[in-house]
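Commentary on secondary and tertiary structure
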Number of protein chains: 2
Amino acid sequence: LFEGVDHIGYAVPDLEEALALHTGRLGWRLEHREHNEEQGVEEAMLTTGDGLGARVQLLAPTRSDSPIARHLERRGPGVQQVAYRVRDLEQVSAELRRRGFRLLQPEARRGTAGSLISFLHPSDTGGVLVELVQPAATGGTHRDVTVLD
Amino acid sequence: LFEGVDHIGYAVPDLEEALALHTGRLGWRLEHREHNEEQGVEEAMLTTGDGLGARVQLLAPTRSDSPIARHLERRGPGVQQVAYRVRDLEQVSAELRRRGFRLLQPEARRGTAGSLISFLHPSDTGGVLVELVQPAATGGTHRDVTVLD
Ligand SMILES: [Co+2]
Ligand SMILES: [Co+2]
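Below or above, wherever it landed, is the structure these notes cover. Remember, predicted model here, so these are calculated numbers, not experimental data.

1. Considerations on the sheet that holds strand S7 (residues 116-119) of chain B
Residue and element names in this part refer to chain B. If you trace the 8 strands from one edge of the open sheet to the other, you get S2-S3-S4-S1-S5-S8-S7-S6, paired in mixed fashion. For this open sheet the edge positions go to strand S2 (29-36) and strand S6 (109-110), each flanked by a neighbour on one side alone. In the sheet, S6 pairs with S7 via 2 bridges, with the strands oriented antiparallel. Its bridge partner lying in S7, arginine 109 is registered against isoleucine 117. Its contacts with the sheet put helix H1 (residues 15-25) on strand S1 (4-11), S2, strand S3 (41-47) and strand S4 (55-61), and the angle it makes with S3 is roughly 5 degrees. Of the strands in this sheet, S1, S3, S4 and strand S5 (78-85) touch helix H2 (residues 67-75), which is tilted by about 90 degrees from S4.

Right under this line is the structure:
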């Protein structure tokens, strides 16, 4: 079902501060930055080492009714989501539904860098908010995605 | 500093149940299983896809005073830790200390499959419990580690 862990999402109150911590003091590299108004999030993708492994995604809320704002309110800053990469989101979603998993929304949404994403219900995955992500360049990996800055 | 994300640790109340969910219904493969009495944990490492990416580590408590038991009590099941792989734990720990990060224990401990591990204080990393892990076979990756079962 899953090609691998695409990224781990950290909820952060302030994106610039979190970027300074991760790129300045922890040695991560900024791969991509983006504002996603639909999700109410300002985000940054970070890589380390050879850049081929799972990435860290920093997620800061842009409005108080966004999922990240609610996560910060209820649980504080920290891991908010774990994203598993899939080749074909529609097919994997259908298969997971057949196996009894619930998806948070009926339709896939637009994720980082033109990807397609869906979320599994945390009650069905042992308390983990699992994002399913199909990178923009179908059949490729996220390395094919254009880096905007 | 970091070669990549080694694994993401999920706190689970029951290891067999979590294994059934992850390997039976979510398609992960069991790579390694281990009982770590020092940490009070029964654990399983899972891979997916080409098996080269970040893994999922299922962590079940073996006693009520273990870190995993405390996590389940306070926060419920879900992501408990994110492990970053390093080549030389002693050197990276010293560098991080120089940069103002606190480690939870003064000395490195034994982690999964003969690895060496340390933890950064979550207050210094934006609420994320970061494990630093140096695989058993120094200079290699965790693929070099002998799988015991
Ligand atoms: Co994400
Ligand atoms: Co671990």
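2. Here's the deal with the interface of chain A and chain B
Across the contact, 34 residues belong to chain A and 34 residues belong to chain B. Interface area for chain A against chain B, summed over the two sides, is near 2,700 Å², with a carbon-plus-sulfur share of 59%. It is Arg25(A), Leu26(A) and Arg75(A) that lose the most area in chain A upon contact with chain B, and together they represent 21% of the buried surface on that side. Counting the contacts that link chain A with chain B gives 0 salt bridges. Inspection of the region where chain A meets chain B yields 11 residue pairs in polar contact (both at pLDDT 80 or more).

The rules we used
- Residues numbered from 1 in each chain as written.
- Chains lettered and ligands numbered in written order.
- Predicted model: local features only at pLDDT ≥ 70, side-chain atom pairs only at ≥ 80, totals over all residues.
- Heavy atoms only, no water.
- Pairing = 2+ DSSP bridges.
- Helix = DSSP H or I, 4+ residues; strand = E, 2+ residues; numbered from the N terminus.
- Contact = heavy atoms within 4.5 Å.
- Axes fitted to C-alpha atoms, helices over the stretch in contact; angles between N-to-C directions.
- Buried area = accessible area lost by both parts, 1.4 Å probe.
- Salt bridge = Lys/Arg side-chain N within 4 Å of Asp/Glu carboxyl O.
- Polar contact = N/O pair within 3.5 Å; in protein donor to acceptor, adjacent residues only side chain to side chain.

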